[in-house]
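Chain and residue survey
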Amino acid sequence: MGTMGMDLKLAAEIVLGLVLFLAVLSAKGIVALVRRKLMLRKVPSAPESVPLLGHALTLMNNVPWDKFCEWKSRCGPVVRVSIMHKDLVLVDDPALLKHVFQSKSQRYCKDVDFSYYPFMCLLGTGLVTAEGKLWRRQRSMVSVHFRVEILDEIVGISMKGAMRLAKKLDGFKGTGKPVALAEEFRHLTLQVIGEAILSMPHEEADRVFPLLYLPIMEEANKRSLRPWREYIPNREWFGHKRRIAQLDAYIKDLLRDRWSRRYGDANGAEAPVQSKIPAGDIIDKIMDDVQKYQGTFNSQVEEQLCYEIKTFMLAGHETSAAMLSWALYELTQNPECMEKVRAEALAAFPEDGSMPTKDAMSGMDYTYAVLKEALRKYSIVPVVTRINKEDDVLGDYMIPKGTTIGLLLQSVHHREDIWPDPNEFRPERFMGSKEVAPYTFLPFIDGPRNCLGQHLALLEGRVILAYLVKTFKFTPFTDKEGEKAALVVPIAPLTHMRMLVE
Ligand code: HEM
């Protein structure tokens with residue numbers, strides 16, 4: 001009886017402790033929220049706000065990033081937007097972008113609870129969303145492979161992909177039937193990533209990705225617009241869950257198999273110091289680093305590498321595909337630019353059909369400028385967000401800790417004072433000795449968290465675009481092919497860019 005009395009007393013104490021703990025936590029949260037709201041009142045608010053919902057309705061009825069840019073240009077260098085209870089502070093001034101991305105980047109973290117949330121099943125603790133020590137370790141381990149070594153392989157991998165696509169396009173020549181090129185680019189860039197990272201044959205990429213990966217992306221995109229889908233356990237919900245589990249199992253099997261082939265048994269106990277098999281792709285190189293620095297392959301390493309692979313897929317294929325689509329579209333609208341790219345391609349690709357060299361591809365300055373101009377004009381990642389981990393001054397305003405900052409890449413790319421006639425497509429902006437002012441061209445952002453795949457994407461883009469332009473004549477199927485799909489990032493063509501091929 002005595003012990004039971006003691007147990008009850010202990011249980012009551014624990015419950016009371018928990019209740020008090022939660023009360024303190026929520027009181028702290030409320031105090032922080034009130035403080036944030038009071039401080040942010042000084043920041044000019046965008047127009048078109050309504051009580052309670054703030055700007056949510058206006059944003060739902062418009063293209064959000066276009067609205068952000070419009071408000072930003074009307075209201076000054078720092079503007080506040082409210083989406084229900086959440087505040088978003090918008091900036092596009094190069095000095096402020098530099099402040100957040102570079103000079104004071106340690107005060108800011110990624111916004112995993114808002115913009116990246118629906119994609120966390122793929123991104124997890126991978127490079128795009130990792131923070132602190134984990135991010136530093138992963139970034140330094142992976143960086144060199146992406147920035148230098150893989151580029152030697154990428155020309156060949158992209159060229160083979162471009163030739164496969166060309167073969168398919170041959171079948172459309174003269175039929176009057178259009179090809180949905182944006183879709184073809186999506187598949188092609190996935191194949192390139194699959195081969196560069198995992199030496200995955202393109203047939204395997206075509207088998208696995210459309211079945212597992214692409215539907216996961218589709219559902220994640222739907223959830224970013226309709227977040228409540230996450231809580232409705234219908235057939236799609238179960239399908240999404242099942243596909244994530246299947247994709248994870250596929251990648252993890254592949255990783256275990258690779259490790260045991262390179263280093264012996266799966267837990268690394270019998271691992272030799274150095275693998276006898278030369279590293280053939282990025283995952284081999286990363287595994288060699290894991291072996292060198294961590295010495296073992298366990299479930300934690302497996303989980304992390306699985307997230308990294310899914311991150312490379314997500315970060316690397318739709319962005320590159322969108323860049324290619326818009327660049328090709330603009331060439332069809334600007335015949336003199338098309339001719340310049342064609343001339344460069346004819347000079348760079350060997351006449352005997354053999355592989356071009358990396359130097360020949362890197363030398364295609366005009367094609368390079370075309371890709372950059374497409375990235376500027378279409379700003380395929382129109383906005384990125386950060387959260388400040390401490391109070392910080394942006395322009396004339398003190399921004400309280402915990403505020404979401406919207407960094408408007410599209411807005412800086414379209415500023416009339418920086419890029420005159422911003423809606424004109426002029427690759428010459430990036431040609432010759434003209435210096436692009438710092439923090440005015442940010443398709444890959446800048447600073448320590450800049451895009452790891454930018455060199456890969458721009459090299460892959462040059463090979464594919466130049467090869468297609470050299471080989472075919474493209475005509476948009478209708479006058480709608482240049483329209484943007486309103487609500488999906490990266491910004492892609494609404495009608496999948498249907499083209500007639502000659
Ligand atoms: C035209 C193509 C691409 C564009 C426009 C692009 C754009 C971007 C942007 C804007 C970010 C910053 C995101 C943020 O700060 O929240 C980023 C980060 C990143 N990108 Fe790309 N990207 C492209 C291609 C690629 C490719 C091909 C890969 C690799 C397979 C890649 C891998 C990454 C990674 C790993 C990060 C995170 C870096 C870090 O936080 O340390 N990207 N990219």
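Read on for a plain summary of the structure.

Conventions adopted
Residues numbered from 1 in each chain as written. Predicted model: local features only at pLDDT ≥ 70, side-chain atom pairs only at ≥ 80, totals over all residues. Heavy atoms only, no water. Near = heavy atom within 4 Å. Polar contact = N/O pair within 3.5 Å; in protein donor to acceptor, adjacent residues only side chain to side chain. Helix = DSSP H or I, 4+ residues; strand = E, 2+ residues; numbered from the N terminus. Pairing = 2+ DSSP bridges. Buried < 20%, exposed > 50% of the residue type's maximum accessible area, 1.4 Å probe, protein only. Salt bridge = Lys/Arg side-chain N within 4 Å of Asp/Glu carboxyl O. Phe/Tyr/Trp six-rings, centres within 6.5 Å; stacked < 30°, edge-to-face > 60°. Lys NZ or Arg CZ within 6 Å of the ring centre and 35° of its normal.

1. What about the site of the ligand?
- Around the ligand, the structure places 26 residues, and the nearest of them are Y116, W135, R139, R386 and C451.
- Between R386 and the ligand, the recorded distance is 2.7 Å, taken from a side-chain N or O atom to an oxygen atom.
- R449 places a polar side-chain atom, nitrogen or oxygen, 2.9 Å from an oxygen atom of the ligand.
- Of all the secondary structure elements, the ones that give two or more residues to the shell around the ligand are α6 (132-170) and α11 (299-333).
- With six residues, the single largest contributor to the shell around the ligand is α11.

2. Considering the sheet that holds strand β4 (residues 179-180)
- With antiparallel pairing, the three strands of this open sheet are ordered in space as β4-β10-β9. A strand with exactly one partner marks an edge of an open sheet, and here the two such strands are β4 and β9 (474-476).
- Of the strand pairs in this sheet, β4 and strand β10 (residues 498-501) are connected by two bridges, and their pairing is antiparallel. By the bridge assignment, A180 is partnered in β10 with R498.

3. Remarks on the pairing of strand β5 (residues 383-388)
- Among the six residues that make up β5, six are buried, leaving the element largely enclosed by the rest of the structure.
- Residues V383, T385 and I387 point to one face of β5 and V384, R386 and N388 to the other, with burial holding for every one of them.
- Direction of pairing for strand β3 (residues 108-110) relative to β5: antiparallel, over a ladder of three bridges. Across the sheet, K110 pairs through a bridge with R386, a residue of β5.
- Where β5 and strand β8 (residues 404-408) come together, five bridges link them in antiparallel fashion. Within the sheet, the bridge partner assigned to I387 lies in β8 and is T404.

4. Re the pattern of salt bridges
- Applying the stated criterion to the full structure yields 40 salt bridges.
- Across the salt bridge formed by D152 and K358, the nearest N and O atoms sit 3.6 Å from each other. Here K358 lies in helix α13 (residues 358-362) and D152 lies in helix α6, a separation of 206 residues in the sequence.
- The class of D152 is exposed, set by a relative accessible area of 53%.
- On the basis of relative accessibility, which here comes to 31%, the residue K358 falls in the partly exposed class.
- R261 serves as the salt-bridge partner of D257, at 3.2 Å between the closest nitrogen and oxygen.

5. With respect to the packing of aromatic side chains
- Considering all chains together, one arrives at 12 aromatic pairs under this definition.
- Taken together, a centroid distance of 4.7 Å and an interplanar angle of 55 degrees make the contact between F146 and F312 tilted. Taken as a pair, F146 in helix α6 and F312 in helix α11 lie far apart in primary sequence, 166 residues in all.
- Within the aromatic cluster, the residues linked to one another by ring pairs are W259, Y263 and F297.
- Above the face of the F114 ring, K86 is positioned so that its terminal group lies 4.8 Å from the ring centre.
- Sitting over the ring of Y368, K372 keeps its end group 4.4 Å from the ring centre.

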